[in-house]
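Summary of structural features
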Number of protein chains: 4
Amino acid sequence: METKTREYLRLTDEDSDRVAGLSISLRRTEPSYCFYDDFALKGIRIDKLQPGFVSCSFTVPPRLTDRNGDLAMGAIANFVDEIGGALLHEKDTPMKVSVDMSISYLGKAKVNDELEISAKLLGGKGAYNGTLVLLKNKASGELIAQGRHSLFTKQFSKI
Amino acid sequence: METKTREYLRLTDEDSDRVAGLSISLRRTEPSYCFYDDFALKGIRIDKLQPGFVSCSFTVPPRLTDRNGDLAMGAIANFVDEIGGALLHEKDTPMKVSVDMSISYLGKAKVNDELEISAKLLGGKGAYNGTLVLLKNKASGELIAQGRHSLFTKQFSKI
Amino acid sequence: METKTREYLRLTDEDSDRVAGLSISLRRTEPSYCFYDDFALKGIRIDKLQPGFVSCSFTVPPRLTDRNGDLAMGAIANFVDEIGGALLHEKDTPMKVSVDMSISYLGKAKVNDELEISAKLLGGKGAYNGTLVLLKNKASGELIAQGRHSLFTKQFSKI
Amino acid sequence: METKTREYLRLTDEDSDRVAGLSISLRRTEPSYCFYDDFALKGIRIDKLQPGFVSCSFTVPPRLTDRNGDLAMGAIANFVDEIGGALLHEKDTPMKVSVDMSISYLGKAKVNDELEISAKLLGGKGAYNGTLVLLKNKASGELIAQGRHSLFTKQFSKI
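Residues numbered from 1 in each chain as written. Chains lettered and ligands numbered in written order. Predicted model: local features only at pLDDT ≥ 70, side-chain atom pairs only at ≥ 80, totals over all residues. Heavy atoms only, no water.

A few words on the overall build of chain A. The helix and strand tally for chain A stands at four helices and six strands. For chain A, the α and β elements follow one another from N to C terminus as α-α-α-β-β-α-β-β-β-β. Burial statistics for chain A: of 159 residues in total, 58% are counted as buried. Taking the contacts inside chain A whose residues are at least 6 apart along the sequence as the reference set, 63% of them involve residues at least 24 apart. Summing over all exposed atoms, chain A offers an accessible surface of approximately 6,300 Å²; the carbon and sulfur share of this is 48%. (Helix = DSSP H or I, 4+ residues; strand = E, 2+ residues; numbered from the N terminus. Buried < 20%, exposed > 50% of the residue type's maximum accessible area, 1.4 Å probe, protein only. Contact = heavy atoms within 4.5 Å. Areas by Shrake-Rupley, 256 points an atom, 1.4 Å probe, with all protein chains shown as cover.)

Below you can see the structure in the form of structure tokens.
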């Protein structure tokens, strides 16, 4: 039993050379450069952009698949965070504080599947905003995930 | 406005060479090898393991920080998924289907912060199981995030 | 401090005579009769009904308001449960098992406000279904709450 | 199909006389009197009360059961809201704004089952607080539900 859990969390001596080989500098030359965001979002394209709405295309890359070969749930959570957050960025709010995120995983996405990822601003109370994010398979129309994200922005005096 | 959102989603021509340079083979030689899991979990150590409970240590690496220099929310979501899922793996269940995940982000973790990540099995109905995952700062004891994850396993006949 | 919490949970000797006076028989003459559902849903009207979609009208009654005079959050949660569940009932599934529900409270509804409560089937994996429920103020269009509900139905062999 | 949904939402002519007979006055003589809270919470007893923690006993009454004879999910949601909220009341915060609530339904409670309902303060960022609420069957120890609730209090300047 213990062995299985340890294996699942891959606590082996032979660590992946590829991860070990990632030399990610803390001294970022570009102030906005972030390896994690690049890693997680690289390849995304904005198709439609309106106040309170954004729709993007994304083809599932091998780097974001889990051990079953599906788009990893952590990667889906990252889209809910980032694509929803992009909407609030649009509203010119300097700082966001995320408070709650919830996701329903309704389907699976495989490598090379093309996804439509859209986010809608649900509105909110004062500085509190809710966003709704949908991930769909473009070819089949199947809903892969539905997420909701609650964020706060700086203008707390409005509440 | 549009420019801001596009910048936020970093739709620039100069893509990160480091991400582009990641050559992740789809022909995995090891059947269980998964770059994403290694990328997201490498460095985690199991400290305590009991039936229905696991506690791990993890030091926040630069590769998992977001543009603010904090442990990315997608990375936190991945821990909720993986550490909670490891508990069910322990129960010798061959296949898990994730259905819902929800996370409250209560604090921030910075690079080199040492975290305690623990997961507890909440129980469930038949093949449905709920897990509760906590991320704490080891030094300050501050709660960084609390997550819940609902999963199904194969034995649906039990329901 | 203790006094405040005790007061908040109204642990007074003078219990409300009206609640005490509710004589709800356990021997239900009608098999489908349920006081709680009547209490919580009475007054709701279906305006539109399509496969996978239902839209209702409801005027906030005094009986469902909390100590601030707003539609109680428990009452909103009950709508997310019942109106979402009604969609699956429509699909002729004899038994539902609820697993997860999450709600974002985005606004307030006052006594006599007329609400539009709509539910949409998000789809799902086999016997697992997700529903999305919205509560809006009809006059202002303001979103009061957005909820999501995950349910299972009996045909687990399909998973 | 339509008939089933309509029946489910009980849109019959013979409305329950008992609900119709509830004469709940809007002119509340006691300022803090609230029929809904009494209806939903009457019978609850505080067993233990500490800073950031409260534990209560509650015996499931017929008035809170759904059409299957189980403690209604809306009623469970109300406990997550109220018992969690009571903790923040204890902290002497004059106004709470609920933002997100999520619940996992892990078991069922029947009429006359005695429950232990406990709430713990998870901490938070400034005026944002998270609470964790558990409903357990006292006799069997079975977990009926686990809920999380995010609330804001008035002192937004602290954020």
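Now for the relation of the copies chain C and chain A. Mapping chain C onto chain A leaves a residual RMSD of 0.0 Å; the transformation is a rotation of 180° accompanied by 0.0 Å of translation along its axis. Taken together, the rotation and translation describe the operation of a two-fold axis. In terms of C-alpha distance to the rotation axis, chain C has C:Ser102 as its closest residue, with the C-alpha 3.7 Å off the axis. A shared interface surface links the copies, since 100% of the contact residues of chain C are contact residues in chain A too. (Least-squares fit on C-alpha atoms with pLDDT ≥ 70 in both.)

Here we take up the interface of chain C and chain A. For an interface, size is often stated in terms of accessible area lost upon the parts coming together. Each side of the interface is counted separately: chain C has 18 residues, and chain A has 18 residues. Summing the contributions of chain C and of chain A, the shared interface buries around 1,500 Å²; its carbon and sulfur component is 47%. Here chain C is connected to chain A by zero salt bridges. On the surface where chain C and chain A come into contact, there are seven residue pairs in polar contact (both at pLDDT 80 or more). Every element with two or more residues in the side of chain C that touches chain A is listed here: strand E3 (96-105), strand E4 (114-123), strand E5 (128-137) and strand E6 (143-153) of chain C. When residues in the side of chain C that touches chain A are grouped by element, the largest group, five residues, is from E6(C). (Buried area = accessible area lost by both parts, 1.4 Å probe. Salt bridge = Lys/Arg side-chain N within 4 Å of Asp/Glu carboxyl O. Polar contact = N/O pair within 3.5 Å; in protein donor to acceptor, adjacent residues only side chain to side chain.)

Residues A:Lys120, A:Lys136, C:Lys120 and C:Lys136 make up a contiguous surface patch of positive charge. Looking at the secondary structure, you find A:Lys120 in strand E4 (residues 114-123). Residue class for A:Lys120 comes out partly exposed when judged on its relative accessible area of 40%. (Patch = residues over 30% accessible without salt bridge, like charges linked within 9 Å, V, L, I, M, F, W, Y side chains within 5 Å. Lys, Arg positive; Asp, Glu negative; His and termini not counted. Charge placed at Lys NZ, Arg CZ, Asp CG, Glu CD.)

On the basis of which strands lie adjacent, the open sheet formed by 12 strands has the order E1(A)-E2(A)-E4(A)-E5(A)-E6(A)-E3(A)-E3(B)-E6(B)-E5(B)-E4(B)-E2(B)-E1(B) and antiparallel pairing. Two strands in the sheet have a free side with no partner beyond their single neighbour: strand E1 (45-50) of chain A together with strand E1 (45-50) of chain B. Taking each pair of neighbouring strands and ignoring which way they run, the sheet shows an average axis angle of 15°. In this sheet, strand E5 (residues 128-137) of chain A lies alongside E4(A) in antiparallel orientation, the contact comprising eight bridges. Pairing of A:Ser118 across the sheet is with A:Leu134, part of E5(A). (Pairing = 2+ DSSP bridges. Axes fitted to C-alpha atoms, helices over the stretch in contact; angles between N-to-C directions.)

So, on to the packing of aromatic side chains. Per the stated rule, a full pass over the model turns up 14 aromatic pairs over all chains. Taken together, a centroid distance of 5.9 Å and an interplanar angle of 50° make the contact between A:Phe39 and B:Phe35 tilted. With one member in each of two chains, A:Phe39 in helix H3 (residues 35-41) and B:Phe35 in helix H3 (residues 35-41) form a pair that bridges those chains. Comparing A:Phe39 with B:Phe35 shows no difference in burial state: the two are buried. On the basis of an interplanar angle of 25° and a centroid distance of 5.9 Å, the ring pair of D:Phe35 and D:Phe39 is categorised as stacked. Of the two residues, D:Phe35 and D:Phe39 both sit in helix H3 (residues 35-41), four residues apart, roughly one turn of that helix. Pairwise contacts between aromatic rings join A:Phe35, A:Phe39, B:Phe35 and B:Phe39 into one cluster. Cation over ring: B:Arg63 sits above B:Phe39, and NZ or CZ is 5.7 Å from the ring centre. (Phe/Tyr/Trp six-rings, centres within 6.5 Å; stacked < 30°, edge-to-face > 60°. Lys NZ or Arg CZ within 6 Å of the ring centre and 35° of its normal.)

Take B:Ile117: it is sitting in strand E4 (residues 114-123). Once you skip the residues sitting within four places of it in the chain, B:Ile117 turns out to touch B:Ile44, B:Val54, B:Ser55, B:Cys56, B:Phe58, B:Phe79, B:Ile83, B:Val133, B:Leu134 and B:Leu135.

Next up on the list: the pattern of salt bridges. Throughout the structure, instances matching the rule amount to 28 salt bridges over all chains. A salt bridge links C:Glu114 to C:Arg45; the nearest nitrogen and oxygen atoms lie 3.2 Å apart. Residue C:Glu114 is found in strand E4, and its partner C:Arg45 is found in strand E1 (residues 45-50); the two are separated by 69 residues along the sequence. C:Glu114 gets classed as partly exposed once you look at its relative accessible area, which sits at 31%. The network of salt bridges with shared partners includes A:Arg45, A:Asp47, A:Glu114 and A:Lys138.

Turning next to the environment of B:Ile103. Note on placement: B:Ile103 falls in strand E3 (residues 96-105). Overall, the relative accessible area of 2% leaves B:Ile103 in the buried class. For the pair B:Ile103 and B:Val133, spaced 30 residues apart in the sequence, the C-alpha separation amounts to 9.0 Å. Residues contacting B:Ile103, with those up to four places away along its chain left out, are A:Val99, A:Asp100, A:Met101, B:Ile76, B:Ala77, B:Val80, B:Ala145, B:Gln146, B:Gly147 and D:Arg148.

If you trace the 12 strands from one edge of the open sheet to the other, you get E1(C)-E2(C)-E4(C)-E5(C)-E6(C)-E3(C)-E3(D)-E6(D)-E5(D)-E4(D)-E2(D)-E1(D), paired in antiparallel fashion. Pairing within the sheet leaves two strands with one partner each, and these edge strands are E1 of chain C together with strand E1 (45-50) of chain D. Strand-to-strand, the axes of this sheet are offset by a mean angle of 15°, without reference to chain direction. Summarising the sheet, E3(C) and E6(C) pair through nine bridges and their orientation is antiparallel. Counted as the bridge partner of C:Lys96 is C:Thr153 from E6(C).

Attention shifts here to the side chain of B:Ser57. Residues and elements named next belong to chain B. Its place among the elements puts Ser57 in strand E2 (residues 53-59). For Ser57, a relative accessible area of 0% corresponds to the buried category. Here Asp47 takes part through its side chain, which lies 2.4 Å from a polar atom of the side chain of Ser57. Those residues in contact with Ser57, other than ones at most four positions away along the chain, are Gly43, Ile44, Arg45, Asp47, Glu114, Leu115 and Lys138.

Residues and elements named next belong to chain A. Within chain A, residue pLDDT values average 80, and 70% of them lie at 70 or more. Put simply, helix H2 (residues 17-20) is where chain A has its lowest mean pLDDT, 60, and strand E2 (residues 53-59) is where it has its highest, 95. Taken together, the stretch residues 11-15 has pLDDT below 50 and engages in five contacts with residues farther than four places along the chain or on a different chain. Note on residues 25-29: pLDDT is under 50 here. Beyond four places in sequence and across chains, it has seven contacts. (pLDDT = per-residue confidence, 0-100.)

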